[in-house]
Amino acid sequence: MSKPLKTSTKNKSLLIIGYVWPEPNSSAAGTRMMQLIQLFQKNGWQITFASPAKLSEHKVNLKQLNINEQEIELNSSSFDDFVQTLQPGLVVFDRFMMEEQFGWRVEQFAPKALRVLNTEDLHSLRACRHQLVKDYLKNKPQEINLEEIHLTDQAWLFNEMAKTDMAKREIASIFRCDLTLMISQFEMQLLQEYFQVPSQQLFYLPFMYKMLDTEKLPTFEQREHFVTIGNFRHEPNWDAVIWLKESIWPLIKKQLPNAELHIYGAYPPPKATALHNPKQGFLVKGWADNAFEVIQNARVLLAPLRFGAGIKGKLAEAMLNGTPSITTLIGEESMLSDKITSWPGATANNPDEFANAAIELYQNHQAWLKSQAIGFNNVKQQYVLKEKEPISEFGLITAINTLLESIDNHRNQNFISSMLNHHHHKSTKYMAQWIEAKNKHTEKL
């Protein structure tokens, strides 16, 4: 493996402010965060991970990885003392809500720190699509066809998103940061062409996996049943389970009476476990100790996503583990490289087409092998680290170093960023101070 690139900056202290503590076995967001952490560690950064979220039994033990853990509070000047003492050279905000809460404090008490936003996906886009699906279902509850909804029409999406407070908050956060990490090319285009975000403030960074030994993966004959996987707290995943239960799985089960659908995901609520029905072959398994093992022992992965954003960890990991998948236009968005024209499985946007594609792929050995090969090829091109290339995986470290060397000039060229920082931080600062004073007064009573 190549040696880490040297950086000209002397301050290699990285502060990551997490919306939650990393849980790679719970969500794709947790996996991506750990990939980022590993990337920076390999390049010599000393990492402190801080979060206002409650500690979870499923979180990674960061201390064992030589990463400092710091619990922080919202609306508390204790963070000011913490960040002023730490004086990081780089701060990564995990999702825009953390930048809203802590960005002004970082700017005031660690002004030289490069401020980077990690979006995971565009929350405002996901919320907009969710509303479009809800509105559609009010009129056609039993006849949904995703192709009839404007889910991928960027002009239409911009008009709808621009009406929402969430989009205003999220896009403003992107403008305020020195750099924003994007996981989806679709979202990159949407931000640049419709929201007028300068290209120099965006950086495309997909998943970063290590390729598995494909020869050791289970064969078609060794695999059985269908699988779907995803954190139940993530609304698109829960909606997909409901669509499977009500519309898609009955059609599959009718043609494949011995088949089972194994449903995995972190934090299953009672309404999810209540769907467990062995007679129907609809088995809610809940937490998966090893997601790769679960995926690679299934013959076909089902991901009937009716809304969402970003790119889908479950589908990238299905390709990685040699498991063909059936998904929708939402699932396949920004997932294929330019050189690959067909999905490693099939895409379908209504229950009948989805079920028929799943049944065909489950039974057709040759079609399954062809789909598996497409998946391997795609994941190698897009989401697998190249061992012979510099450790700056996908150019991020080079981009970070360049910005660190020219941060004043970079900020001077982005007037909108300066303007939004000025107004937002003033208002947020006084609101946070008011909340802190109010909380202290309440504690005294």
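The model shown is predicted, which means the values in this text are computed figures rather than measured ones. Starting from 1, residues in each chain are numbered consecutively following that chain's sequence as written. Selection of residues for local features in this predicted model requires a pLDDT of at least 70, selection of side-chain atom pairs for listing and counting requires 80 or more, and totals for whole chains, interfaces and linings are taken over all residues. Neither water nor hydrogens contribute to the side-chain values; these are computed over all heavy atoms in the structure.

A. A look at the pairing of strand β9 (residues 261–264). Burial along β9 is two-sided: Leu261 and Ile263 and His262 and Tyr264, pointing in opposite directions, are all buried. Crossovers are marked right-handed if the path from the first strand over the helix to the second runs clockwise, as seen with the strands pointing away from the viewer. To qualify as a helix, a DSSP run of H or I must reach at least 4 residues; to qualify as a strand, a run of E must reach at least 2; elements of each kind are numbered from the N terminus. Crossover handedness for the path strand β8 (residues 226–229) to helix α8 (residues 235–255) to β9: right-handed. Type-normalised accessible area, obtained with a 1.4 Å probe on protein chains alone, sets the label of each residue: buried when under 20%, exposed when over 50%, and partly exposed for intermediate values.

B. Quick peek at empty space enclosed by the protein. Cavities and pockets were defined on a 1 Å grid built over protein atoms only: a cavity is a set of grid points that admits a 1.4 Å probe from which the probe cannot escape, a pocket is an open set flanked by protein on both sides within 12 Å along at least five of seven lines, and lining residues are those with an atom within 4 Å of any such point. Grid points are joined across faces, edges and corners, and a volume is the space filled by probe spheres set on the points. Counting across every chain of the model gives 2 cavities of 30 Å³ or more. Of the voids in this model, the largest cavity is the one considered here, and its volume is about 70 Å³. If you trace the largest cavity, you find it lined by Thr228, Ile229, Gly230, Phe232, Asn237, Ala240, Val241, Ile263, Tyr264, Ala303, Leu305 and Lys314. If you list the elements that add at least two residues to the lining of the largest cavity, you get β8, α8 and β9. Top element by residues in the lining of the largest cavity is α8. It accounts for 3 residues. For this classification, Asp, Glu, Lys and Arg are treated as charged, while Ala, Val, Leu, Ile, Met, Phe, Trp, Tyr, Cys and Pro are nonpolar and the rest, including Gly, are polar. For the lining of the largest cavity, the class distribution of residues is 8 nonpolar, 3 polar and 1 charged.

C. Quick peek at the sheet that holds strand β7 (residues 202–204). Think of it this way: DSSP has to see at least two bridges between two strands before they count as a pair. Taken in spatial order, the 7 strands make up an open sheet running β3-β2-β1-β4-β5-β6-β7, and their pairing is parallel. Only two strands of the sheet have a single neighbouring strand rather than two, namely β3 (68–71) and β7. Within the sheet, the average angular offset between the axes of one strand and its neighbour, ignoring direction, is 25°. Direction of pairing for strand β2 (residues 46–51) relative to β3: parallel, over a ladder of 4 bridges. Paired with Thr48 across the strands is Asn68, a residue of β3. In this description, a line fitted to the C-alpha atoms serves as the axis of each element, helices being fitted only across the stretch in contact, and the angle between N-to-C directions of two axes falls anywhere from 0 to 180 degrees.

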